[in-house]
Amino acid sequence: MIEVTLLGTGSPIPDPDRAGPSTLARAGDHTFLIDCGRGVLQRLAAVGSGANQLSALLLTHLHSDHIADLGDVIITRWVSSFAPEPAPLPIIGPPGTADVVDAMLRAFGHDIGYRIARHADLPGPPRVEVHEYTDAVVWDRGGVQIRVGPTDHRPVTPTIAFRIEHGGASVVAAGDTVPCPGLDALAAGAGALIHTAIRKDLIAMLPQQRIRDICGYHSSVQEAAATATRAGVGILILTHYVPAIAAGTEDDWRALAASVFDRQIELGDDLHRVEVHPGVCARSRS
Ligand SMILES: [Zn+2]
Ligand SMILES: [Zn+2]
């Protein structure tokens, strides 16, 4: 079984009730954080986990909303890990990830220096291990395999999705993307597809061109659902709602997805949890 928790279902727009884009996937003894938007560590604490318990951080792309709390993840893991010193945090993302991580460590250079000066048991700066991929098997240990495939979020490029396999269960985590052959191939036959979604019907009515621009490089609810149908997945898990799902309108979102995908559809608030079992059989709980 792979357990998926939507830690943050928000978007770049600050929302009092939704943290930034971030999803937790637990498989066996492994805990993977997919993207690390605003407030991620508060949500991680809410499910009894923390930065020092992550097996790896997986980044779909380098848009600010998806990496807003990268520095918090790195620094908090470092200061909250005690002897024995943990292995370096694997950070797996698209090309460009190493630049971003290096810059983040430089940004926190003063802080890192202060803490090393104060605490004799901190032997050195945070240890990370960055891997950049667009199409490869990126993890194969502890009975968990992770494969990366390309998505299409141009002009943001390259962008990737992750397919996590464990004990016959499989989950694909797509970041922001329009429908594309790379995601179709990666998601084919998966137990669940986690997909970001926007309401193009609502966004198209907004007066600001800059906001309407986002329609060109994201999937609508129906497009995400159509991808799930083409790939034949068992469960569609929608997240990253733009605009945020207004109270009482959850069923409208669900109906839009159901118009093109006739299997299980999951969406909801932060901390919504879905169990993905081998095959397409699944149970869920909020
Ligand atoms: Zn994006
Ligand atoms: Zn985004």
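Since this is a predicted model, take the numbers as computed values, not measurements.

Colleague: Explain the UniProt feature "active site" (unreviewed entry) in the chain to me, and be specific about the residues and the numbers.
Modeller: Per the UniProt entry, the sites bearing "active site" (unreviewed entry) are Asp65 in this numbering. Within the secondary structure layout, Asp65 lies in helix α2 (residues 64-67). In this structure, Asp65 is in contact with Ser11, Pro12, Gly20, Pro21 and Gly37, ignoring residues within four places of it in sequence.

Colleague: Which residues make up the sheet that holds strand β13 (residues 264-266), and what values do they have?
Modeller: Across the sheet, which stays open at both edges, the 7 strands sit in the order β7-β8-β9-β10-β11-β12-β13 with mixed pairing between neighbours. Unpaired on one side and paired on the other, β7 (136-141) and β13 mark the two borders of the sheet. Strand-to-strand, the axes of this sheet are offset by a mean angle of 25°, without reference to chain direction. As paired strands, strand β12 (residues 235-242) and β13 are joined by 3 bridges and run parallel to one another. Each bridged residue has a counterpart across the sheet, and for Ile237 the counterpart in β13 is Glu266.

Colleague: Please provide a residue-by-residue account of the environment of Ala231, values included.
Modeller: Mapped onto the secondary structure, Ala231 falls in helix α9 (residues 221-231). Measuring from C-alpha to C-alpha, the distance between Ala231 and Ala188 comes to 4.2 Å, with 43 residues separating the pair along the chain. Those residues in contact with Ala231 that sit more than four places away from it in its chain are Asp184, Ala187, Ala188, Ala190 and Leu193.

Colleague: Kindly report on the confidence of the model for the chain, identifying the contributing residues and their values.
Modeller: Averaged over all residues, the pLDDT of the chain equals 95, while 98% of them reach at least 70. Confidence drops under a pLDDT of 50 for residues 281-286, and excluding neighbours within four residues, the segment shows 14 contacts in the predicted structure.

Colleague: Any chance you could break down the pairing of strand β8 (residues 144-153) for me, citing the residues and the numbers?
Modeller: Summarising burial for β8: 7 of the 10 residues are buried, a large majority. In this sheet, β8 lies alongside β7 in antiparallel orientation, the contact comprising 5 bridges. Looking across to β8, one finds that Trp139 is bridged to Ile146. With antiparallel pairing between neighbouring strands as the criterion, β7 and β8 make up a hairpin whose turn holds 2 residues, including Gly142 at a positive phi of roughly 60°. Where β8 lies against strand β9 (residues 156-166), 9 bridges are found, and the strand directions are antiparallel. From the neighbouring strand, Val144 faces β9, where its bridge partner is His166.

Colleague: I'd like a description of the environment of Leu59, backed by residues and values.
Modeller: Assignment of secondary structure puts Leu59 in the loop between β4 (56-58) and α2. Sequence separation of Leu59 and Ala257 is 198 residues, and the distance between their C-alpha atoms is 25 Å.

Colleague: Tell me about the UniProt feature "domain: Metallo-beta-lactamase" (unreviewed entry) in the chain, and name the residues and values.
Modeller: As annotated in UniProt, the feature "domain: Metallo-beta-lactamase" (unreviewed entry) corresponds to residues 19-218 in the numbering used here. Spanning residues 19-218, this segment combines 28% helix with 32% strand, and its end C-alpha atoms are found 19 Å apart.

Colleague: Residue-level account of the nonpolar core, with values.
Modeller: One finds Val171, Val172, Ala192, Leu193 and Leu236 to be the most contacted residues of the largest nonpolar core, which totals 74 residues. Counting residues per element, this core draws most heavily on β12, which supplies 6 residues. Not counting the four nearest positions on each side in its chain, Val171 is found in contact with Ile2, Val4, Ala25, Ile164, Ala190, Gly191, Ala192, Ile194 and Val276.

Colleague: Outline α9, supporting the account with residue identities and numerical values.
Modeller: Of all the residues in α9, the buried ones are Val221, Ala224, Ala225, Thr227 and Ala228. All buried residues of α9 lie within an arc of 155° about the axis, which places them on one face of the element. Close packing links the buried residues of α9 with α6 (181-187), β11 (192-198), β12 and α10 (250-258). Once α9 finishes, Gly232 follows within two positions and takes phi at roughly 70°, a positive value.

What counts and what doesn't
Residues numbered from 1 in each chain as written. Chains lettered and ligands numbered in written order. Predicted model: local features only at pLDDT ≥ 70, side-chain atom pairs only at ≥ 80, totals over all residues. UniProt positions renumbered as here; feature names shortened; annotations may be inferred. Helix = DSSP H or I, 4+ residues; strand = E, 2+ residues; numbered from the N terminus. Contact = placed C-beta atoms within 7 Å. Pairing = 2+ DSSP bridges. Axes fitted to C-alpha atoms, helices over the stretch in contact; angles between N-to-C directions. pLDDT = per-residue confidence, 0-100. Buried ≥ 20, exposed ≤ 12 C-beta atoms within 10 Å, placed from the backbone. Core = buried A, V, L, I, M, F, W, Y, C linked by C-beta atoms within 7 Å. Arc of directions from axis to C-beta.

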